[in-house]
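# Report on the structure
Here are the chains, one letter per residue:
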Amino acid sequence: MSVAESWSRVMSLLRECAPADHADLPGPATEQMIAAAEERMGISFPQDLRAWLLLNNLDLPEEGFDDDVACCGFDGFPDEGIFFLGIRAMERLYANRYMPGGFDPPDQPDNPFWRNEWIPFLSSQDGWRGKFIDARDGRVGRWFVGAPTVTGEYESMAQYFDSVAEILASIADGNNPICNVAEGRLVWS
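Residues numbered from 1 in each chain as written. Predicted model: local features only at pLDDT ≥ 70, side-chain atom pairs only at ≥ 80, totals over all residues. Heavy atoms only, no water.

A few words on the packing of helix H3 (residues 31-41) against helix H5 (residues 87-97). Angle between the axes and distance between the axes are the two parameters that describe a pair of packed helices. Two elements in contact, H3 and H5, have axes whose closest approach is 11 Å; the angle formed by their N-to-C orientations is 5 degrees. Taken together, the axes of H3 and H5 lie roughly parallel to each other. Residues Met33, Ile34, Ala37, Arg40 and Met41 of H3 touch H5, and the partners they reach there are Ile87, Met90, Glu91 and Tyr94. Among the residues making up the contact of H3 with H5, the classes are represented as seven nonpolar, no polar and two charged. (Axes fitted to C-alpha atoms, helices over the stretch in contact; angles between N-to-C directions. Helix = DSSP H or I, 4+ residues; strand = E, 2+ residues; numbered from the N terminus. Parallel < 35°, antiparallel > 145°, perpendicular 65-115°, else oblique. Contact = heavy atoms within 4.5 Å. Nonpolar A, V, L, I, M, F, W, Y, C, P; charged D, E, K, R; others polar.)

Attention now goes to the packing of helix H1 (residues 3-17) against helix H6 (residues 157-172). Here H1 crosses H6 at 20 degrees, and the two axes come no closer than 8 Å. By the angle between their axes, H1 is roughly parallel relative to H6. Of the two elements, H1 crosses H6, and the hand of that crossing is left-handed. Of H6, the residues touching H1 (which contributes Val3, Ser6, Trp7, Arg9, Val10, Leu13, Leu14, Glu16 and Cys17) are Met157, Ala158, Phe161, Asp162, Val164, Ala165, Glu166, Leu168, Ala169, Ile171 and Ala172. Per-class residue counts for the contact of H1 with H6 are 15 nonpolar, one polar and four charged. (Left-handed = near helix turned anticlockwise from the far one by under 90°.)

This next bit is on the sheet that holds strand E2 (residues 82-84). Strand order in the open sheet formed by six strands is E1-E2-E5-E6-E7-E8, and the pairing between neighbours is antiparallel. Only two strands of the sheet have a single neighbouring strand rather than two, namely strand E1 (78-79) and strand E8 (150-154). Here five bridges tie strand E5 (residues 118-124) to strand E6 (residues 129-134), and the two strands are oriented antiparallel to one another. Bridge pairing links Ile119 to Ile133 in E6. (Pairing = 2+ DSSP bridges.)

Our focus in this paragraph is the pairing of E5. Burial of E5 is extensive: seven of the seven residues sit out of reach of the surface. Turn length for the E5-E6 hairpin, with the two strands adjacent in sequence and antiparallel, is four residues, and the turn residue Gly127 shows positive phi of about 75 degrees. (Buried < 20%, exposed > 50% of the residue type's maximum accessible area, 1.4 Å probe, protein only.)

The share of residues in the chain with pLDDT of 70 or more is 90%, and the mean pLDDT across the chain is 87. Least confident of the elements in the chain is strand E3 (residues 103-104), whose mean pLDDT is 76; most confident is helix H4 (residues 47-53), at 96. (pLDDT = per-residue confidence, 0-100.)

What follows deals with H6. The end-to-end C-alpha separation of H6 is 22 Å, in line with the 22 Å expected for 16 residues at 1.5 Å each. For H6, the complete set of buried residues consists of Met157, Ala158, Tyr160, Phe161, Val164, Ala165, Leu168, Ala169, Ser170 and Ile171. Backbone nitrogen of Ala158 and a side-chain oxygen of the N-cap are separated by 3.4 Å at the start of H6; the cap is Ser156. Positive backbone phi, approximately 75 degrees, marks Gly174, located one or two places after H6. (Expected span 1.5 Å × (residues − 1). Polar contact = N/O pair within 3.5 Å; in protein donor to acceptor, adjacent residues only side chain to side chain.)

It is worth spelling out the side chain of Asp134 at this point. In this structure, Asp134 sits in strand E6. Judged by relative accessible area, which is 3%, Asp134 ranks as buried. Leaving out residues up to four positions away in the same chain, Asp134 has contacts with Pro46, Glu117, Trp118 and Arg139.

So, about the environment of Asn180. Relative to the assigned elements, Asn180 resides in strand E9 (residues 179-182). Those residues within four positions of Asn180 in sequence are excluded, and the remaining contacts are Arg185, Leu186 and Val187.

This part covers the side chain of Arg97. Checked against the element boundaries, Arg97 lands in helix H5. Arg97 sits in the buried class, given a relative accessible area of 15%. Setting aside its immediate chain neighbours within four residues, Arg97 contacts Phe113, Trp114, Asn116, Gly127, Trp128, Trp143 and Val145.

Per the counting criterion, the structure on display carries 17 aromatic pairs. An angle of 80 degrees between the planes, with centres 5.5 Å apart, marks the rings of Trp7 and Trp52 as edge-to-face. Of this pair, Trp7 sits in helix H1 while Trp52 sits in helix H4, and the two are 45 residues apart along the sequence. Exposure remark for Trp7: the relative accessible area of 1% places this residue in the buried category. Seen in terms of ring centroids, Trp114 and Phe132 are 5.7 Å apart; in terms of plane orientation they differ by 70 degrees. Their pairing is edge-to-face. Linking Trp114 in strand E4 (residues 114-115) with Phe132 in strand E6, this pair joins segments that are 18 residues apart in sequence. Residue Trp114 is classed as buried on the basis of its relative accessible area of 0%. Taking the relative accessible area as the measure of exposure, Phe132 reaches 1% and is therefore buried. Pairwise contacts between aromatic rings join Trp7, Trp52, Phe84, Phe121, Tyr154, Tyr160 and Phe161 into one cluster. A cation over an aromatic ring shows up here: Arg97 above the ring of Trp114, its NZ or CZ 6.0 Å from the ring centre. (Phe/Tyr/Trp six-rings, centres within 6.5 Å; stacked < 30°, edge-to-face > 60°. Lys NZ or Arg CZ within 6 Å of the ring centre and 35° of its normal.)

Okay, structure coming up:
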């Protein structure tokens, strides 16, 4: 399944089980927005990331962006306390993680906490944990400050979005013990 198909499944399930949350999501990014971000960041986005952003650029509106937090996004989706990033939030978190030598820490090139080829697309508000796509091979990994970074947790963004769709399907069926829906919004316990 392609990233567009997997994301469409996520959006269909979100619209079905949490229509108010779905209605809050903005429209797509443009090629110009993506190209400008790539230039500012100094890295080419992998095809999956590009395809996803062309479906939904999940940046908050200007008035909703908070300069006092590391990352901003739509609260409660895909999980409580962690959210998908739009282009502006990706750039901001990437700039915080970028290392002149290409990886951090500089003495561990084979097992770094962070590499410049990793582009974050999901994060906690403090930027201490999240998921990234590896620009070299399109695999999805995760980081958590103070813990080892996991590379290749998912083979692709499509595979990761399939896992999000499964969670949303369990919520829609009423079979998720930590999330339900109230007034068209996901509510995590």
